[in-house]
Amino acid sequence: MKAAQFHDGTFTVTEVPDAPALGPGQIRIDVAACGICGSDLSMSKDPCRFVHVAENAGYLLATFATDRPVVLGHEYAGVVSEIGPDVTGFAVGDRVAGIGLATDTSTGIPKIIGYSNDYHGAFGEHIVVDAFWVRHVPDSLSLEHATLAEPLHVGEMHVQQSGLTAADSALVIGCGSIGLGAIIAAKARGALVIASEPSPKRRGLAAALGADVVVDPTEEDPIEVYNRMVAESNTLVGQGGQGILIAYECSGRAGILGSLLHTLPFNSRIQVLAAPFDDEIIIPVVGQFRRIAINFGHGPYENAYDITLQRLADGKIDAEAIITGRVGLDAVADAFDALRKPDKHVKILVLPGTRTDR
C-alpha cells in the first residue's frame, strides 16, 4: 500500500507491505483522514528517546525497532473494507473511527498503530485495528471531523479522572487539541475555565470553545488571574462556594510541574494530560507543604470517546475551526514542521487519498 513512511528522521512516500492478516476481533479500514498527534511530533523528534522511555516504563504499546521504518498516525477515520473472525456489529462499507489499537497476532501484545513496525498507522491507505475500540460514525458527522474524537476525548477522560465539579475552577495550560478537549469537558460540568496559551490562534479557539478567561502566559500569570478573581469575589469562581483549582497540564512543557507546585494555591490539584519525554526535576516536599496532588491519569472514567464523538455529531464542537490544515501524503513532512511552530495551526489532517466520501 502507499504510505508516508518515517525512517532515519525523514518521511518518504512509498509502497509499504500491507498490515498483517486479520486476527480474531480485527477489522481492516480504508483510511479517509488521520490527525497528526502531539505524540507523533515527540516520536519523530527523537525516536530512540521515545522508545527508550516507553520500554523503561514497561509500556509495550509504543515500542518498536527504531532502525526499521514505521508509518505513523492513530487519530483515524475511514471505511471498513474487511472483517476478521469473531467480529460482530460491523460490516464492509461502515463509516468508522476509533482508538488505534491492534493486538499483534504473533505476540498477543496490543500495539498503538503507528508505533509498530508491522501494524501501520493511518498515514497510509489502510490500517488493521481491534474492533473493540472502533465506533460507528453518525451520519451527521463527516469522517474528517470524526478524527477529532480521538484527541479531544483525552480531555474528557482526564476531566472525569480529576473529579472536577461545578464548584471547582479549571486552569487549562496549553490549548492544542488536548487542551481544547479539556476546556470542552470542563465547561460541560459548569466549571470556571481559565485557559493559558501563548499562541493567538489557539487562544481564540479556547475562547470560542467556552473558556471564560483566556490568558497569554508571556504577559500575565494565569494563577495570579485566578487569585485576583477569588480576592475580588468574582461570581464565576467556585459556583458552589467550596471548590478548588485544578490545573490541567496540556502543554508538555519542561519545568511546568515544578512551577505549578510552587505557585498553585494550597490544596489544588494537577492533572497531567501531556508530559515531556525528558527528565523532570521537582521538589516533592513542596507539593507536600502546599498539599497539592498530581495525577498522571489514574482513576476511573467512562465512555469518554463515545461522549466526545456524540458531541461532535450533535454540533456542540466547532470541528472545522479546530482543523487548521489538510495535506496529502507528500506533504506530511511539511505539516510536521508547521506544527512545531504552533502560531498558525492546531490540528492538521493527513488525507491518504484512499477515500473520497469524507
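Here the structure is a predicted model, which means the values were calculated and not measured. (Residues numbered from 1 in each chain as written. Predicted model: local features only at pLDDT ≥ 70, side-chain atom pairs only at ≥ 80, totals over all residues. Heavy atoms only, no water.)

K.L.:
So, the environment of arginine 203: which residues are in play, and what are the values?
P.N.:
Here arginine 203 lies in helix α6 (residues 200-208). Separated by 54 residues in the primary sequence, arginine 203 and leucine 257 have C-alpha atoms spaced 22 Å apart. (Helix = DSSP H or I, 4+ residues; strand = E, 2+ residues; numbered from the N terminus.)

K.L.:
Can you break down the domain arrangement of the protein chain residue by residue, with the values?
P.N.:
It is common to report an interface's size as the accessible area lost on association of the parts. With domains assigned, the protein chain is organised as domain 1 (2-137 + 318-350) and domain 2 (152-296). Computed over C-alpha atoms only, the centres of domain 1 and domain 2 are separated by 29 Å. Each partner contributes residues to the interface: domain 1 has 15 residues there, and domain 2 has 13 residues. Across the domain 1/domain 2 interface, buried area totals approximately 1,200 Å², and carbon plus sulfur atoms make up 66% of it. (Domains from an automatic or database assignment. Contact = heavy atoms within 4.5 Å. Buried area = accessible area lost by both parts, 1.4 Å probe.)

K.L.:
Before we move on, can you summarise the packing of aromatic side chains with the specific residues and values?
P.N.:
With the rule as written, the count across this model stands at six aromatic pairs. When the centroid spacing of 5.0 Å and the interplanar angle of 50° are considered together, the rings of phenylalanine 50 and tyrosine 115 count as tilted. With phenylalanine 50 in helix α2 (residues 47-56) and tyrosine 115 in the loop between β7 (110-112) and β8 (126-130), this residue pair connects regions lying 65 residues apart in the sequence. Just as phenylalanine 50 is buried, tyrosine 115 falls in that class too. For the pair phenylalanine 50 and phenylalanine 277, a centre-to-centre distance of 5.0 Å together with 25° between the ring planes defines the contact as stacked. Here phenylalanine 50, found in helix α2, pairs with phenylalanine 277, found in the loop between β14 (269-272) and α9 (284-290); they are 227 residues apart in sequence, far enough to count as distant. Residue class for phenylalanine 50 comes out buried when judged on its relative accessible area of 4%. The partly exposed category is assigned to phenylalanine 277, whose relative accessible area is 28%. (Phe/Tyr/Trp six-rings, centres within 6.5 Å; stacked < 30°, edge-to-face > 60°. Buried < 20%, exposed > 50% of the residue type's maximum accessible area, 1.4 Å probe, protein only.)

K.L.:
Talk me through the nonpolar core; I want residue IDs and the actual numbers.
P.N.:
With 100 residues, the main nonpolar core has Ile36, Phe123, Leu180, Ile183 and Tyr248 as its most contacted residues. Residue contributions to this core peak at seven residues, all from helix α5 (residues 177-188). Two domains each donate at least three residues to this core, and these are domain 1 (2-137 + 318-350) and domain 2 (152-296). Setting aside residues up to four positions removed in sequence, leucine 180 forms contacts with Leu152, Cys175, Leu205, Ala206, Leu209, Ile322 and Val346. (Core = buried A, V, L, I, M, F, W, Y, C linked by side-chain atoms within 4.5 Å.)

K.L.:
A description of the pairing of strand β10 (residues 169-173) should follow, citing residues and the corresponding values.
P.N.:
The two faces of the sheet receive side chains in turn, since in a regular strand these alternate between them. Taken across its five residues, β10 has five buried, putting it largely inside the fold. Burial of β10 is two-sided: the residues Ser169, Leu171 and Ile173 facing one way and the residues Ala170 and Val172 facing the other way are all buried.

K.L.:
How would you summarise the packing of helix α4 (residues 149-162) against helix α10 (residues 304-313) if you had to cite specific residues and measurements?
P.N.:
The interhelical angle for the contact between α4 and α10, taken along N-to-C directions, is 125°, at an axis separation of 8 Å. Regarding the angle of α4 to α10, the classification is oblique. As for the relative orientation of α4 and α10, their crossing is right-handed in sense. Of the residues in α10, those touching α4 at Ala149, Glu150, Leu152, His153, Glu156, Met157 and Gln160 are Ala304, Tyr305, Ile307, Thr308, Leu309, Arg311 and Leu312. When grouped by side-chain class, the residues that make up the contact of α4 with α10 number eight nonpolar, three polar and three charged. (Axes fitted to C-alpha atoms, helices over the stretch in contact; angles between N-to-C directions. Parallel < 35°, antiparallel > 145°, perpendicular 65-115°, else oblique. Left-handed = near helix turned anticlockwise from the far one by under 90°. Nonpolar A, V, L, I, M, F, W, Y, C, P; charged D, E, K, R; others polar.)

K.L.:
Lay out unusual backbone geometry in plain terms, naming residues and giving numbers.
P.N.:
Within the chain, serine 233 stands out as a residue other than glycine whose phi angle is a positive 55°. Examined against the element boundaries, serine 233 turns out to sit in the loop between α7 (222-231) and β13 (245-249). For arginine 291, which is not glycine, the phi dihedral falls at a positive 55°. Position of arginine 291 among the secondary structure elements: in the loop between α9 and β15 (293-295).

K.L.:
Tell me about the side chain of histidine 345, and please be specific about residues and values.
P.N.:
When you line up the elements, histidine 345 lands in the loop between α12 (332-339) and β17 (347-350). When sequence neighbours within four positions are dropped, the list of residues in contact with histidine 345 reads Arg202, Thr324, Gly325, Ala338 and Leu339.

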